[in-house]
Amino acid sequence: MGADFGRSRGTESKFSQWFRRRPKPQHSDVDDTAREALLLAVAEAGMPIAPAAHPVGYRCSCERIGCPTPARHPISFAWQTQSTTDSAQIERWARSQPQANFITATGMIHDVLDVPLTAGNQALERLLAADIDVGPVAISGDDRMLFFTATRGTPEDEDEWWPCELDCHPETMDEHPGMRWHCRGSYVLLPPAMLPGEVDVHWVRGPENPLPDPLTLLETLTDACAQYADTADQSDLDHDSVAWPLSR
């Protein structure tokens, strides 16, 4: 998939025209046709997807009491084998489950570098200013930014990657604060999606952008995350140093 994705004989596809008009689609604003187009564009880029839970008010549709990740997890425990790029299956899912969110399984075709939103915005601005190829980028909720990249697969040296359950290995905490590398055995929520509290997941740069090598983004993302962590630490210190008046 290259620069001509979404174009045919010099004319933009309906998806490209819709996406340009609606840079931050919200689940409630996306009609069924546009929703299918967004999901099929992800599949056309080679990224496998599977149905996920959705919000019911402030609860999760899975109805698990105290669901730790409401509206963010797959419906099936077999999501890794269920994930597909088959357009007919995706259309069936989308039409039979109109409220469902969708996830994409990472580590097969693509990985995702998941960073704090503030750090991600700073990094994206620097990367684009430096004319570095940036692939698809999404904002997830009100606190995370997702950078979609080509997968590194299974490195020979297992210490070269870390799972999304942890920000990083303890010995590299100072180097990669707040970053999660979704790779083998992980997934992320795809746009368009809704989360409890009327927050959404939406594309900043759509899936028509080719997937870059993650190492071309890593240094800039790491620097932005470190600056974000330093700022957060300083804010905590400033808050702790406030002299509160004594009660009388």
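Residues numbered from 1 in each chain as written. Predicted model: local features only at pLDDT ≥ 70, side-chain atom pairs only at ≥ 80, totals over all residues. Heavy atoms only, no water.

A word on the sheet that holds strand E10 (residues 180–182)
Here is the rule we go by: Should DSSP find at least two bridges between two strands, the strands are taken to pair. In DSSP terms, a helix is any run of H or I states spanning at least four residues, a strand is any run of E spanning at least two, and both are numbered starting from the N terminus. Note on definitions: angles span 0 to 180 degrees between N-to-C directions of axes, and those axes are lines fitted to C-alpha atoms, for helices only across the stretch in contact. Contact criterion: two residues are considered in contact whenever any of their non-hydrogen atoms come within 4.5 Å of each other.
Ordered by their spatial adjacency, six strands build an open sheet running E10-E7-E9-E8-E13-E12, and the pairing between neighbours is antiparallel. Edge strands, defined here as strands with exactly one partner in the open sheet, are E10 and strand E12 (193–195). The mean inter-strand angle of the sheet, taken between neighbouring strand axes irrespective of direction, is 25°. Bridge count for strand E8 (residues 137–140) against strand E13 (residues 199–205) is four bridges, and the pairing is antiparallel. The partner of alanine 138 across the bridge, within E13, is tryptophan 203. Against the sheet, helix H5 (residues 117–129) makes contact with strand E7 (110–116), E8, strand E9 (144–150) and E13, and its axis sits at roughly 45° relative to E9, the strand it touches most.

Thoughts on the pairing of E8
Test applied: Relative accessibility thresholds used throughout: buried, under 20% of the residue-type maximum; exposed, over 50%; partly exposed, between the two (1.4 Å probe, protein chains only).
Burial of E8 is two-sided: the residues Val137 and Ile139 facing one way and the residues Ala138 and Ser140 facing the other way are all buried. Two strands pair when backbone bridges link them, and E8 and E9 are joined in this way by four bridges, in the antiparallel orientation. Each residue of the ladder has a partner; that of serine 140, found in E9, is arginine 144. Taken together, E8 and the strand that follows it, E9, pair antiparallel across an intervening segment of three residues, in which glycine 141 is found at a positive phi of about 65°.

Concerning the packing of aromatic side chains
Think of a pair of aromatic rings as described by two things: how far the centres are apart, and how the planes are tilted against each other in angle. This is how the line gets drawn: Classification of ring pairs uses Phe, Tyr and Trp, with its six-membered ring standing for Trp, and accepts pairs whose centres are within 6.5 Å; under 30 degrees between planes counts as stacked, over 60 as edge-to-face, and the remaining range as tilted.
In the structure shown here, the tally under the stated rule is three aromatic pairs. On the numbers, 4.9 Å between centres and 75° between planes, the contact of tryptophan 79 with tyrosine 187 is edge-to-face. Note that tryptophan 79 is positioned in helix H3 (residues 79–82) and tyrosine 187 in strand E11 (residues 187–189), a separation of 108 residues in sequence. A relative accessible area of 11% means that tryptophan 79 is categorised as buried. Note on tyrosine 187: relative accessible area 24%, which makes it partly exposed. With centroids separated by 5.1 Å and ring planes inclined at 55°, the aromatic side chains of phenylalanine 148 and tryptophan 203 adopt a geometry described as tilted. Placement of phenylalanine 148 in strand E9 and of tryptophan 203 in strand E13 is noted, with a sequence separation of 55 residues between them. Across the pair, tryptophan 203 and phenylalanine 148 agree in class, each one buried.

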